[in-house]
Amino acid sequence: NTSDKACDVSMQVSKSIGMDSRIGNKFLNASVGFGGSCFQKDILNLVYICEQQGLQKVADYWRMVIEINDYQKSRFVERVINGMFNTVSNKKIAVLGFAFKKDTGDTRETPAIDVCRGLLADGAKLYVYDPKVDAQHVHYELSAAKFSWDHPKTPYASASRLAAVQVVLDPYEACSGAHAICVLTEWDEFKKLDYQRLYESMLKPAFIFDGRNILDHAALREQGFVVYALGKPLDPFLKKE
């Protein structure tokens, strides 16, 4: 269909642009959204400077980058909910990855915050696994006000424990008995998990929502998973009539 073709074209364009050595391919991959302490603040600073110089159209352009990033996160949440029969209420969802990128424990402005909050708002039960993020930080980020990390006097120890959020030390424990897996950080170890074992331990139909496009989606479908990947055609199961 048209949307499938659009996804395929966008991937080809990304690949072609990335072949230009002046640009590279490091930042052209689709994802659930960007995060980190600097990028959004830098863009907002740029918006402020443009407004101060009377360049409102330019300011609006850069502000739209933030709005599109927020839209991407909310769109991901909507896809999870819509794909799972229009509700995740009382459903166990395994969240693989909470840091804003791999090889760090930094959770500041990670897209996982908004995704998890969106799922919790619909009544989901989340089991979070990240190799470098501990339970205290996960609960803090999900319960604290936006940008609270930018105030040094705000103690992580004051984080509220959310009853619907469990942070575990093993990805197989996170996925056992789950209705779905959401991959939110591109950790290399997630590519090496035994997905047949995960599939057998999950409730059926077993969903995978790959927010980083790091998994072998064809292999997962062969194992029985219903797969959603960013910028790629949907399973027929997930398509709306």
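In case you missed it, the structure is sitting above this.
No experiment lies behind these values; they were computed from the predicted model shown.

### Focus on the environment of lysine 232
Along the polypeptide, lysine 232 turns up in the segment after strand E6 (226-229). In this structure, the C-alpha to C-alpha distance between lysine 232 and alanine 30, residues 202 residues apart in sequence, is 9.8 Å.

### Looking at helix H2 (residues 39-52)
In this model, H2 (14 residues) spans 20 Å end to end at C-alpha, consistent with the 20 Å of a helix rising 1.5 Å per residue. Summarising the contacts, the buried residues of H2 are in contact with helix H3 (56-83). Looking one or two residues beyond H2, the residue adopting positive phi is glycine 54, at roughly 75 degrees.

### Describing H3
With 28 residues, H3 should reach 40 Å at 1.5 Å per residue; the first-to-last C-alpha distance of 39 Å fits that figure. Within H3 the residues assigned to the buried category are Ala59, Ile66, Asn69, Gln72, Lys73, Phe76, Val77, Arg79, Val80, Ile81 and Gly83. Residues of H3 that are buried sit in contact with H2, strand E1 (92-96), helix H4 (111-121), strand E4 (180-183), strand E5 (207-210) and E6.

### Regarding the pairing of E1
Buried residues dominate E1, accounting for 5 of its 5 residues. Pairing of E1 with strand E2 (residues 125-129), which is carried by 5 bridges, proceeds in the parallel orientation. By the bridge assignment, alanine 94 is partnered in E2 with tyrosine 127. Once the chain exits E1 it traverses H4 before rejoining the sheet at E2, and the crossover so formed is right-handed. Examined bridge by bridge, E1 and E4 share 4 bridges and lie parallel to one another. Of the residues in E4, the one forming a bridge with isoleucine 93 is alanine 180.

### Description of empty space enclosed by the protein
A full pass over the atoms with the stated rule returns 1 cavity of 30 Å³ or more. Put simply, the largest cavity is a space of about 30 Å³. The wall of the largest cavity is formed by Phe34, Gly35, Gln40, Asn69, Lys73 and Glu109. For the lining of the largest cavity, the per-class residue count stands at 1 nonpolar, 3 polar and 2 charged.

### Quick word on the sheet that holds E4
With respect to topology, 6 strands assemble into an open sheet ordered E3-E2-E1-E4-E5-E6, the strand pairing being parallel. Strands with a single pairing partner mark the edges of an open sheet, and in this sheet they are strand E3 (165-167) and E6. Within this sheet the neighbouring strands show an average axis-to-axis angle of 20 degrees, counted without direction. Pairing between E2 and E3: 3 bridges, direction parallel. Paired with tyrosine 127 across the strands is glutamine 166, a residue of E3. Each of E1, E4, E5 and E6 touches H3; the most contacted strand, E5, lies at about 170 degrees to it. The strands that H4 touches are E1, E2, E3 and E4; relative to E2, the one it contacts most, it runs at about 155 degrees.

About the thresholds
Sequence order sets the numbering: in each chain, residues are counted from 1 along the sequence as written. Confidence filtering applies because this is a predicted model: local features only for residues at pLDDT of at least 70, side-chain atom pairs given and counted only at 80 or more, and all residues used for totals across whole chains, interfaces and linings. As a rule here, side-chain values come from all non-hydrogen atoms in the structure, and water together with hydrogens is ignored. The secondary structure listing takes helices from DSSP runs of H or I that are at least 4 residues long and strands from runs of E that are at least 2 residues long, numbered from the N terminus. By this rule the span expected of a helix is its residue count minus one, scaled by 1.5 Å. Contacts are assigned to residue pairs that have any heavy atoms within 4.5 Å of one another. Accessibility here uses a 1.4 Å probe with only protein chains present; expressed as a share of the type maximum, an area under 20% marks a residue as buried, one over 50% as exposed, and anything in between as partly exposed. Paired strands are those between which DSSP finds at least two bridges. Viewed with both strands pointing away, a crossover whose connecting path from the first strand over the helix to the second turns clockwise is right-handed. Here a cavity means grid points, on a 1 Å grid over the protein atoms only, where a 1.4 Å probe fits yet cannot get out; a pocket means an open set of points with protein on both sides within 12 Å along at least five of seven lines; lining residues are those with an atom within 4 Å of a point. Grid points are joined across faces, edges and corners, and a volume is the space filled by probe spheres set on the points. Each residue receives one of three labels: charged for Asp, Glu, Lys and Arg, nonpolar for Ala, Val, Leu, Ile, Met, Phe, Trp, Tyr, Cys and Pro, and polar for the others, Gly being one of them. Only the contacting stretch of a helix is used when fitting its axis, a line to C-alpha atoms as for every element, and angles between N-to-C directions run 0 to 180 degrees.

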